[in-house]
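One letter stands for each residue in the lines below.
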Amino acid sequence: MTTIPGDPATMLAGRPPVVDLATWQAARDELLVREKAHTREGDALAAARRRLPMVEFDGTVQVVGADGPVPFLDLFQGRDELVVYKHMWWDGAPHQGQCEGCTMMAWHLRDAVYLNARGVSAAIVTTGRWDEVASYVAFMGYTQPWYSVRDLDEPVGGAMGYLTCFLRDGDRAFLTYSTTGRGNEPANGSFALLDRTPYGRGEAWEDKPEGWPEGRHACWYWRSDADGNATWGPTSRPVPQWTRPAAPPVETLGRQGQCR
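Residues numbered from 1 in each chain as written. Predicted model: local features only at pLDDT ≥ 70, side-chain atom pairs only at ≥ 80, totals over all residues. Heavy atoms only, no water.

Trainee: Give me the lowdown on helix 4 (residues 130-140), citing residues and values where you can.
Mentor: Inspection of helix 4 places V133, Y136, V137, F139 and M140 among the buried residues, and these make up the whole buried set. Summarising the axial view, the buried residues of helix 4 lie within an arc of 160°, below the 170-degree limit, and thus occupy one face. The outward face of helix 4, more than 90 degrees from its buried face, is lined by the exposed residues D131 and A138. Where helix 4 is buried, its residues contact strand 4 (81-87), helix 2 (100-107), strand 5 (120-126), strand 6 (146-148) and strand 10 (237-238). Residue G141 follows helix 4 closely and has a positive phi angle near 75°. (Buried < 20%, exposed > 50% of the residue type's maximum accessible area, 1.4 Å probe, protein only. Helix = DSSP H or I, 4+ residues; strand = E, 2+ residues; numbered from the N terminus. Arc of directions from axis to C-beta. Contact = heavy atoms within 4.5 Å.)

See below:
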């Protein structure tokens, strides 16, 4: 033991109090009771989701992917269940101008091997024109299936930024679940890990102990410049793009109109 619990001389400004292991364990055990209750409530919500009614729709509607137009039913890849993320799109924008929030989601959904092992397929759809989408997918190095659902109605197309689930029964297709906003967070492992760190997401809205760093605006770390500085200015890209080959510094986001 190198510090005295509760000794003001050992307290670190803007950080948790320093205590001995037994004191920490007691506080951790108290919090664990609440965490277990949260987990059980999550299980109850999942059970309620499984009991939602379904909406049947035309699964033969054509979407456009790497192999050209195909029926939406092809996204199931022969499986009975399907998870789809609907990626927002800025028409005509260069890669660095595409949606940073959807980039964060797609980056966390790059591999569906465990979903596939459970009999669930996964895909990403967007309203972008396929030629633009194909270029972007190649640049990002994505291997999951992408499709353009431009000008298609719900539930295949429609509003983007949603996580949706579908069920197939032979040639029949059904919408079973849809969520957006913070409802998408379970698919983003980085959020779950940040929420377990002392400073959390570093965002101003979070409830923090007195003396903690105040934090910045929501999503502040989703874009950065070539030097790794967080910025939403014209010199920025969504942060994963800087790991891609041929990702030089930029001077414009190239966005026009509204994100679709």
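Trainee: Break down the packing of aromatic side chains for me, with residues and values.
Mentor: Taken as a whole, this structure holds 12 aromatic pairs when the rule is applied. Plain terms: the ring middles of W220 and Y221 are 5.4 Å apart, the flat faces sit at 80° to each other, and that makes the pair edge-to-face. Here the guanidinium or amino end of R110 rests over the ring plane of W107, the centre of that ring lying 3.9 Å away. Sitting above the plane of the W242 ring, R237 keeps its charged end 5.3 Å from the centroid. (Phe/Tyr/Trp six-rings, centres within 6.5 Å; stacked < 30°, edge-to-face > 60°. Lys NZ or Arg CZ within 6 Å of the ring centre and 35° of its normal.)

Trainee: Can you tell me about unusual backbone geometry, naming the residues and giving the values?
Mentor: Put simply, E154 and P155 share a cis peptide bond, and its omega is 0°. Secondary-structure assignment places P155 in the loop between strand 6 and strand 7 (162-169). Notably, C219 is not glycine yet its phi reads approximately 75°, a positive angle. On the secondary structure map, C219 appears in the loop between helix 5 (189-194) and strand 9 (223-224). By relative accessible area, C219 is classed as buried at 19%.

Trainee: Go over helix 2 with me, naming the residues and quoting the values.
Mentor: Summarising burial for helix 2: 8 of the 8 residues are buried, a large majority. Those residues of helix 2 that fall on the buried side of the exposure criterion are E100, G101, C102, T103, M104, M105, A106 and W107.

Trainee: Quick one: what's the story with the pairing of strand 5, residue by residue and with numbers?
Mentor: A large share of strand 5 lies buried, amounting to 7 of its 7 residues. The side-chain alternation of strand 5 yields two buried faces, one formed by V120, A122, I124 and T126 and the other by S121, A123 and V125. Pairing geometry for strand 4 and strand 5, over 7 bridges, is parallel. When the bridges of strand 5 are listed, L82 appears paired with S121. (Pairing = 2+ DSSP bridges.)

Trainee: Summarise the environment of I124; cite the residues concerned and give the values.
Mentor: Structurally, I124 can be placed in strand 5. Exposure remark for I124: the relative accessible area of 1% places this residue in the buried category. In sequence terms I124 and Y162 are 38 residues apart; their C-alpha atoms lie 10 Å from each other. With near-sequence residues (within four places) excluded, I124 lies in contact with Y85, H87, A106, Q144, P145, W146 and Y147.

Trainee: Pulling in residues and values, what's your account of the pairing of strand 2 (residues 62-65)?
Mentor: A one-sided burial pattern is seen for strand 2, the buried positions being V63 and G65 and the unburied ones Q62 and V64. Sheet topology note: the strand 2/strand 3 (residues 68-71) ladder contains 4 bridges and is antiparallel. Looking at the pairing, Q62 lines up with P71 of strand 3. Linking two consecutive strands that pair antiparallel, namely strand 2 and strand 3, is a turn of 2 residues.

Trainee: Please provide a residue-by-residue account of the pattern of salt bridges, values included.
Mentor: Per the stated rule, a full pass over the model turns up 15 salt bridges. Of the charged contacts, one joins E56 and R172 as a salt bridge, the two residues approaching to 2.7 Å between their closest N and O atoms. Of this pair, E56 sits in strand 1 (residues 55-57) while R172 sits in strand 8 (residues 172-180), placing them 116 residues apart in sequence. The class for R172 is partly exposed, based on a relative accessible area of 42%. Between D151 and R260 there is a salt bridge whose closest N-O contact spans 3.8 Å. With D151 in the loop between strand 6 and strand 7 and R260 in the segment after strand 10, this residue pair connects regions lying 109 residues apart in the sequence. On the basis of relative accessible area, D151 is assigned to the exposed category, the value being 65%. Since its relative accessible area comes to 33%, R260 is described here as partly exposed. Counted as one network, the salt bridges with shared partners bring together D91, R129, E132, R150, D151 and R260. (Salt bridge = Lys/Arg side-chain N within 4 Å of Asp/Glu carboxyl O.)

Don't take any of this as a statement about function, it's just geometry.
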